Amino acid sequence: MRQQVAAVTTSQLVIAPVLLPLLAGIALLLGRSLDLRWRRAFALTCALGQIVLALVLTRAVADGSVLVYALGNWPAPFGIVLVADRLAAWLLVTTSLLAWFALAYGCLGSDRDGRHFHVLFQLQIFGLSGAFLTGDLFNLFVFFEVLLLASYGLLLHGGGRRRTRAALHYVVINLVGSTLFLFAAGTFYGVLGTLNLADLAVKAAAVSPQDLPLVRTAGLLLFAVFALKAALVPLYLWLPAAYANTSAPAAALFAIMTKVGAYSILRVSTLIFGADAGPVANLIADWLLPVALLTLAVGLVGAAGSERLRLQIAYLVVASIGTLLTAVGLGTVSGIGAGLYYLPHSTFAAAALFLLADLIAGQRGEHADRLERGPVMGRHWVLGVLFFLGAILIVGLPPLSGFIGKFLILRAALDHPAAVWVLGILLGGGLLALLTLARSGSLLFYHTAEADAGTAVPPPTWRALAPVAGLLTLGAAMTLWAGPLSDYTAAMADQLLQPDGYVRAVLGEGSPG
Amino acid sequence: MEALLALIIGTLTACGVYLILRARTFPVVLGLTFLSYAVNLFLFAMGRLVVGRPPLIDPSAAAYTDPLPQALVLTAIVIGFAMTAFVIMLALKARAELGNDHVDGMHEP
C-alpha cells in the first residue's frame, strides 16, 4: 500500500513543474490589482518552488529511471504522456535557476514597464517546462506555442519602435515555423499513425520502403523547425535583433529559448532517428555537425562585427548554440555528455552578460551599450570584474566552467573523422571571441571620457548587481563540481543513446523496441 | 476527392508562401492565414478521407473515421486563430509606431 502511494506520488511529480507555473500565472492574472510588492514576492516564491521541484525530480530520475505520467490515466500511445528522464530534469533545473535570477532582476523595476510582466514570465516557464517534459509530438507543438506566445509578450515588454520591429519579424517567422511543425506532425501521423514519441520511434524503425521517403521528409521538416527555434544557420537571422532589443530580464530568460530547439533536436535525433533506427537511422545526425560548425563560425563573426554590446552577446548566444550542437553532432556518449555539460554553463553566462549589459547601458547615458568612448561608469570596478568573469566564462578560458566544457568537447572530437574541422573552428573561434570581448571590455572600461557635470546617474545598486553575480557564481559552481557533473551528463548521454529504456517506460514492458 | 483536396491544399500553401514574401504587413498576415488554412486541411486529411462514418465506437458501425486528426485540427485552429489576432494587433502597432506598414519599418524608395 505504502509502495503504491509512493509510486503515485513519484509519477505525479512529473506534472508538478508544469502545473506550478501555470497556476502561478493564473493567480497572478487574477491578483493583478494587488500591490506590486505582493505580486513580486509571490512570483519569486513560485520560481523558487520551481527550483525545488526540478531538484526533487532530478533526484528521482538520477538512478536512470524514466518516470511517466499518463494524463487522465489513458495509456500510451493513446493518451498524452509526460516523461521525465535525466535530460528533461537537467534542463528543468537549468531553466528554473535561470528564471529565478532573471525574475529577481526584473523585480528591481523593469517589471513596472508593462502590466502583465509577471504573468507572462510564469507562462513562459510553463511553456518551457512542458516542452522539456512532454512525450508527445503534438503536445510539443502546443507547448512551443505557449512559450512562444509568452515570449511575444515579453519581447514587446516595455514597448519602443525597435522592439516592435524586431518582434514583428520574430512573430512572423515563428508562425511560419509553427505551420511547418504541423505539416511535419501531420505527415508523421498520416504515415505512422501515431504522435507519441516513443511509439514513433518503434514505428519509424519498421517503416515500409514505399513510406520511407515520406518519413524522411517529415523528419527533415521537423529538423528545420527545431533548427529555426535553435537559431542554426541559415535560420538564425531573427535572433540578434530580437534579443538585442528586448528588455534585460526577458533577454536573460530567452537565453534558454534556443536551447529548447537544441533539446528537441537532441531528443528526436536520439530517440526516433538514432543509430539503431533501421531505415531512418542518423537522418538528422548527418546534417547536424556541418550546420552547427557553420553556426558557431557565423555567430562569432557577427559578434566581432557588432557595434552594440547587447547585439554582440546575442551573436554569442548563436555561437554557443553552434558549440552545443557541434558536441551533440559528434553523436558519441562523450560528445553529447560534453554538450550537456556546456548547455547550462553557456545559458547562465549569456544571461549574466545580458543583465550586465543592461546595467552598463544604464550608466553610460546616451552612449547606452554602443561600443564607443563613453563616460566613466559608477562602481566601474565591480562592473568591470563581473564583465571580465562573464567574458572568461563565455569564451571558455581557464579556470572557469567554459574551459572545462570546451575541453570536454575537444577531447570528444579527437576520435571523430571531422576532428580537424571541429578543433580548428572551435579553437579559432575561441581566439576570435577572446579578441572581440577584450576589445569590448577595453572600450567600455578603459577608453573613457570624464562625465559631464549634471548628467551623472546613480551607480548600479548592489541589489541590481546581485543577480548577475549569482548567475556567474552558478557558472563558477559548475567548475568546482565539474567532476560529478560531467559524470552525470555522460550518464545522461548514455541514457539518450539507448532509447530502449525510454520506449519501454512509455509503452510498457512487453513492447518491442 | 483526394486529388481535389490535395490541389486545394497545394494552392492555399502556394498563395500563402507568395503572400508571406510580400513587403507589407497586411499581405503577410493574409499569407499566414492561408498557410494555417492549408495546414488545417492537411492535418484533417491525414486521418484519410472517409465519408459518412462515425468517429466514436458504435456497435452497428462497419467502419470508422479517425477522430484524432479532428481533435488536432481543433487545437490547431484555436492556436492559429489566437496567433492571427496577435499578429494583426502587432501589425497595427508597428504601423502606428513606425509610421508605415513595411515589414522592415522603412519607406520604399
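Quick note: structure is the one above.
What you see is a predicted model, and the numbers here were worked out from it, not measured in a lab.

Cut-offs applied
Residues numbered from 1 in each chain as written. Chains lettered and ligands numbered in written order. Predicted model: local features only at pLDDT ≥ 70, side-chain atom pairs only at ≥ 80, totals over all residues. Heavy atoms only, no water. Helix = DSSP H or I, 4+ residues; strand = E, 2+ residues; numbered from the N terminus. Rg over C-alpha atoms; globule rule 2.2 N^0.38 Å. Buried < 20%, exposed > 50% of the residue type's maximum accessible area, 1.4 Å probe, protein only. Contact = heavy atoms within 4.5 Å. Areas by Shrake-Rupley, 256 points an atom, 1.4 Å probe, with all protein chains shown as cover. Lys, Arg positive; Asp, Glu negative; His and termini not counted. Charge placed at Lys NZ, Arg CZ, Asp CG, Glu CD. Core = buried A, V, L, I, M, F, W, Y, C linked by side-chain atoms within 4.5 Å. Buried area = accessible area lost by both parts, 1.4 Å probe. Salt bridge = Lys/Arg side-chain N within 4 Å of Asp/Glu carboxyl O. Polar contact = N/O pair within 3.5 Å; in protein donor to acceptor, adjacent residues only side chain to side chain. Nonpolar A, V, L, I, M, F, W, Y, C, P; charged D, E, K, R; others polar. Axes fitted to C-alpha atoms, helices over the stretch in contact; angles between N-to-C directions. Parallel < 35°, antiparallel > 145°, perpendicular 65-115°, else oblique. Left-handed = near helix turned anticlockwise from the far one by under 90°. Phe/Tyr/Trp six-rings, centres within 6.5 Å; stacked < 30°, edge-to-face > 60°. Expected span 1.5 Å × (residues − 1). Patch = residues over 30% accessible without salt bridge, like charges linked within 9 Å, V, L, I, M, F, W, Y side chains within 5 Å. Pairing = 2+ DSSP bridges.

**Remarks on the overall build of chain A**
Within chain A, the regular secondary structure consists of 20 helices and 4 strands. Radius of gyration (C-alpha) of chain A: 22 Å, near the 24 Å computed for a compact globule of 513 residues. Once the C-alpha set of chain A is aligned to its principal axes, its extents read approximately 75 × 55 × 40 Å. The buried share of chain A, taken over its 513 residues, is 61%. Partitioning the intrachain contacts of chain A with sequence separation of at least 6 by distance along the chain shows that 78% fall at a separation of at least 24. Per element, the accessible surface of chain A, about 19,000 Å² overall, is 66% carbon and sulfur. Between the centroid of the 29 positive side chains of chain A and the centroid of its 23 negative side chains there is a distance of 9 Å.

**Remarks on the nonpolar core**
Nonpolar side chains in soluble globular proteins tend to be buried together. All names here are of chain A. Judged by nonpolar contacts, the single largest core of 214 residues is most densely connected at Leu137, Tyr243 and Leu325. Broken down by element, the residue count for this core peaks at 18 residues, all from helix H14 (residues 333–363). Setting aside its immediate chain neighbours within four residues, Leu137 contacts Phe181, Ala185, Phe188, Leu195, Leu197, Leu200 and Leu222. With 7 residues, the next largest nonpolar core counts Leu293, Leu330, Ala413 and Ala418 among its residues.

**Section: the interface of chain B and chain A**
Contacts between the two partners involve 31 residues from chain B and, on the opposite side, 26 residues from chain A. Both faces considered, chain B and chain A share a buried interface measuring about 2,700 Å² in area, 81% of it formed by carbon and sulfur atoms. Interface area lost by chain B to chain A is led by B:Met83, B:Phe86 and B:Leu90, which between them contribute 20%. Counting every contact that joins chain B to chain A gives 0 salt bridges. On the surface where chain B and chain A come into contact, there are 7 residue pairs in polar contact (both at pLDDT 80 or more). With 15 residues, the top contributor of residues to the side of chain B that touches chain A is helix H3 (residues 67–98) of chain B. In terms of residue class, the side of chain B that touches chain A is made up of 22 nonpolar, 4 polar and 5 charged.

**Here's the deal with the packing of helix H1 (residues 2–20) of chain B against helix H2 (residues 25–45) of chain B**
All names here are of chain B. Where H1 meets H2, the closest approach of the two axes is 7 Å, and the angle between their N-to-C directions is 155°. Judged on the interaxial angle alone, H2 and H1 are roughly antiparallel. The crossing of H1 and H2 is left-handed. Mapping the contact onto sequence places Leu5, Ile8, Ile9, Leu12, Thr13, Cys15, Gly16, Val17, Leu19 and Ile20 in H1 and Pro27, Val28, Leu30, Gly31, Leu32, Phe34, Leu35, Tyr37, Ala38, Leu41, Phe42 and Ala45 in H2. Counted by class, the contact of H1 with H2 contains 19 nonpolar, 3 polar and no charged residues.

**Some words on the environment of A:Ala102**
Residues and elements named next belong to chain A. Position of Ala102 relative to the elements: it lies in helix H3 (residues 86–106). As for Ala102 and Leu20, which are separated by 82 residues in sequence, their C-alpha atoms are 18 Å apart. Residues within four places of Ala102 in sequence aside, it is in contact with Phe121, Pro249, Ala252 and Leu253.

**Thoughts on the packing of aromatic side chains**
Summed over all chains, the structure comprises 20 aromatic pairs over all chains. Ring centres of A:Tyr152 and A:Tyr170 lie 5.7 Å apart, and the angle between their planes is 85°; this geometry places the pair in the edge-to-face category. Of this pair, A:Tyr152 sits in helix H5 (residues 137–156) while A:Tyr170 sits in helix H6 (residues 161–192), and the two are 18 residues apart along the sequence. Residue A:Tyr170 is classed as buried on the basis of its relative accessible area of 2%. Through pairs of rings, three or more aromatic residues link up here, namely A:Tyr152, A:Tyr170, A:Trp238, A:Tyr243, A:Phe254, A:Phe354 and B:Phe86.

**Concerning the side chain of A:Thr479**
Structurally, the position occupied by A:Thr479 is in helix H18 (residues 462–480). In contact with A:Thr479, other than residues within four places in its own chain, are A:Tyr341, A:Pro399, A:Leu400, A:Ser401 and A:Ile404.

**Some thoughts on unusual backbone geometry**
Each neighbour pair has its own omega, and for A:Val233 with A:Pro234 the value is 0°, a cis peptide bond. Tracing the chain through its elements places A:Pro234 in the loop between helix H8 (212–230) and helix H9 (238–245). If you check the backbone angles, A:Asn282 has positive phi at about 55° while not being a glycine. Structurally, A:Asn282 can be placed in the loop between helix H11 (257–271) and helix H12 (285–304). For A:Asn282, a relative accessible area of 32% translates into the label partly exposed. With phi around 70°, B:Arg48 is a residue other than glycine that occupies positive phi space. Following the sequence through the fold, B:Arg48 ends up in the loop between H2 and H3.

**As for helix H4 (residues 117–133) of chain A**
With 17 residues, H4(A) should reach 24 Å at 1.5 Å per residue; the first-to-last C-alpha distance of 24 Å fits that figure. Counting buried positions along H4(A) gives 15 out of 17 residues, so the element sits mostly inside the fold.

**Describing a nonpolar patch on the surface**
Residues and elements named next belong to chain A. A cluster of nonpolar side chains, contributed by Trp381, Val385, Phe388, Leu389 and Trp462, occupies part of the molecular surface with about 570 Å² of accessible area. For the nonpolar patch, the leading source of residues is helix H15 (residues 380–395), giving 4 residues. Relative to the assigned elements, Leu389 resides in helix H15.

**Describing the pairing of strand S1 (residues 67–70) of chain A**
Residue and element names in this part refer to chain A. Burial of the side chains of S1 is restricted to one face: Leu67 and Tyr69 are buried, whereas none of Val68 and Ala70 on the reverse face is. Inspection of the sheet shows S1 paired to strand S2 (residues 81–84) by 4 bridges, in the antiparallel sense. Counterpart to Tyr69 in the pairing with S2 is Leu82.

**A word on the environment of A:Asn196**
Residues and elements named next belong to chain A. Relative to the elements of secondary structure, Asn196 occurs in the loop between H6 and helix H7 (197–205). Classification of Asn196 as buried rests on a relative accessible area of 1%. In the structure, Asn196 is positioned 118 residues away from Phe78 in sequence and 8.1 Å away in space, judged by C-alpha atoms. What Asn196 contacts, discounting residues up to four positions off in sequence, is Ala76, Pro77, Val81, Gly135, Asp136 and Val506. For Asn196, the side chain forms a polar contact with the main-chain nitrogen of Ala198, separated by 2.9 Å.

**Focus: the pattern of salt bridges**
Residue and element names in this part refer to chain B. In the structure shown here, the tally under the stated rule is 8 salt bridges over all chains. For the salt bridge of Arg24 with Asp101, the shortest nitrogen-to-oxygen distance reads 2.7 Å. Linking Arg24 in the loop between H1 and H2 with Asp101 in the segment after H3, this pair joins segments that are 77 residues apart in sequence. Judged by its relative accessible area of 25%, Asp101 falls in the partly exposed class. Between Lys93 and Glu97 there is a salt bridge; the shortest N-O distance is 3.2 Å. Highlighted residues: Lys93 and Glu97, both in helix H3, separated by 4 residues, approximately one helical turn.

The values reported here are purely geometric and, on their own, carry no functional implication.
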